[in-house]
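Single-letter residue listing:
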There are 2 protein chains.
Amino acid sequence: MKHAMIDDLLQKRGLKRTKLRIALLNHFLSAKHALSYLEIKGALGENVDKSTLYRNLTTFEEAGIIHRIDHSGVAKYAFGKGQNDGHHHAHFVCDQCETVYCVEKTGATTINVPKGFKTKVVQMIIRGTCSYC
Amino acid sequence: MKHAMIDDLLQKRGLKRTKLRIALLNHFLSAKHALSYLEIKGALGENVDKSTLYRNLTTFEEAGIIHRIDHSGVAKYAFGKGQNDGHHHAHFVCDQCETVYCVEKTGATTINVPKGFKTKVVQMIIRGTCSYC
DNA sequence: TTTCAAATGCAACTTAGTTGCATTTTCATT
DNA sequence: AATGAAAATGCAACTAAGTTGCATTTGAAA
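Residues numbered from 1 in each chain as written. Chains lettered and ligands numbered in written order. Predicted model: local features only at pLDDT ≥ 70, side-chain atom pairs only at ≥ 80, totals over all residues. Heavy atoms only, no water.

A.B. asks: So what exactly am I meant to see when it comes to the packing of helix α3 (residues 37-44) of chain B against helix α4 (residues 50-62) of chain B here?
C.D. replies: Two numbers describe a pair of packed helices, the interaxial angle and the distance between the axes. Residues and elements named next belong to chain B. The N-to-C vectors of α3 and α4 enclose an angle of 120 degrees; their axes lie 11 Å apart at closest approach. Crossing handedness for the pair α3 and α4: right-handed. Residue-level inspection shows Y37, I40 and K41 of α3 in contact with α4, the latter providing K50, L53, Y54 and L57. (Axes fitted to C-alpha atoms, helices over the stretch in contact; angles between N-to-C directions. Helix = DSSP H or I, 4+ residues; strand = E, 2+ residues; numbered from the N terminus. Left-handed = near helix turned anticlockwise from the far one by under 90°. Contact = heavy atoms within 4.5 Å.)

A.B. asks: Even after reading the chapter, I still don't get the nonpolar core, so can you show me in this structure?
C.D. replies: It is characteristic of soluble globular proteins that their nonpolar side chains tend to be buried jointly. Counting 22 residues, the largest nonpolar core has F92 and I126 of chain A together with F92 and I126 of chain B as its most contacted members. Looking at this core, the elements that each hand over two or more residues are β4 (89-94), β5 (100-104) and β6 (118-129) of chain A together with β4 (89-94), β5 (100-104) and β6 (118-129) of chain B. Not counting residues up to four positions away in its chain, the partners in contact with I126 of chain B are I111, V113, T119, V121 and V122 of chain A together with A90, H91, F92, V93 and V103 of chain B. (Core = buried A, V, L, I, M, F, W, Y, C linked by side-chain atoms within 4.5 Å. Buried < 20%, exposed > 50% of the residue type's maximum accessible area, 1.4 Å probe, protein only.)

A.B. asks: What exactly am I supposed to notice about helix α2 (residues 19-30) of chain A here?
C.D. replies: Residue pairs spaced three or four apart in an α-helix point in one direction, given the helix's 3.6 residues per turn. The end-to-end C-alpha separation of α2 of chain A is 17 Å, in line with the 16 Å expected for twelve residues at 1.5 Å each. In the core, the buried residues of α2 of chain A are packed alongside α1 (2-12), β1 (35-36), α3 (37-44), α4 (50-62), β2 (66-71) and β3 (74-79) of chain A. (Expected span 1.5 Å × (residues − 1).)

A.B. asks: Honestly, the protein's contact with DNA strand C in this entry has me stumped. Any pointers?
C.D. replies: Near DNA strand C, the surroundings consist of 18 residues, among which T18, R21 and R55 of chain A together with S51 and Y54 of chain B are the closest. Protein-adjacent atoms of DNA strand C, using a 4 Å cutoff, are sugar or phosphate at a proportion of 57%. Measuring from a phosphate oxygen of DNA strand C, one finds a side-chain N or O atom of R21 of chain A at 2.7 Å. Between a base oxygen of DNA strand C and a side-chain N or O atom of R55 of chain B, the distance comes to 3.4 Å. (Near = heavy atom within 4 Å. Polar contact = N/O pair within 3.5 Å; in protein donor to acceptor, adjacent residues only side chain to side chain.)

A.B. asks: I would appreciate a short explanation of the protein's contact with DNA strand D in the present structure.
C.D. replies: S51 and Y54 of chain A together with T18, R21 and R55 of chain B are the nearest of the 18 residues found near DNA strand D. Here a sugar or linking oxygen of DNA strand D and a side-chain polar atom of K16 of chain B are 3.0 Å apart. At 3.0 Å from a base nitrogen of DNA strand D is found a side-chain nitrogen or oxygen belonging to S51 of chain B. Elements with a contribution of two residues or more to the surface near DNA strand D: α4 of chain A together with α4 of chain B. When its residues are assigned to classes, the surface near DNA strand D shows four nonpolar, six polar and eight charged. (Nonpolar A, V, L, I, M, F, W, Y, C, P; charged D, E, K, R; others polar.)

Written out as structure tokens, the structure is:
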């Protein structure tokens, strides 16, 4: 049950269960792709406050509930931790509709970095065309 | 000789040889990492016009002389074509100083994308610590 | 049911980048 | 060298994304 899961997500991190947060997490849970501020605002209603929404996105990101993806000057957010935390997935960016999807990362990669450089995480961005375009 | 190379770069694309463009390309040629608008402005002098600089960055990018890398809301530029054009390199982002370096990409990768999705280019971003941090 | 930190709402601000337009410059042609 | 047109510049005003300060409200622990 989705509602219980959302309560759990918030409670575990000591985050208060507000109307906006519940709506926001509900939306993230059913989203099929990463969402920009404008997409979220469009979905949750125009009366949602800009600062409150941005602050919650930051809060959720810091709490590891969602992760941010930079996409040509506009941040997009998707459910789940980022790749900084051991969870491995790649981002697919459609060059037609500019939609960003999280996809599973399979297959090994090796990159030689210059001497003195220490690799921590390897992110992948796949550019191409999505199934709707 | 650097000057001749710069003239060549501009001439081949029918771009006029202006003072700013020459200074800009000189700076890019000796840069060891990707540069933001502010870094470039700082290097070329405060009297450089914002629009002119931004317009030249766009022009150079479209001409395939430099390529843009998005980095948490700030665009950075580096010499060379992007990975959309067959040239393969990855970007190393230092999590201490936030500097972006272009590094050679070695080793094969395979990513399974969902049905109906078509992969064109695979970009890689390596996060870690650079040799100066 | 009180209490208080956390969250919200609003307005004002910042930062990155863009646009319109008049002036200047490059470069090819004479 | 002089000319002329297209390209590039400089300036000001604007937009879009995101942030900050502060007074008010709300959730949940006591």
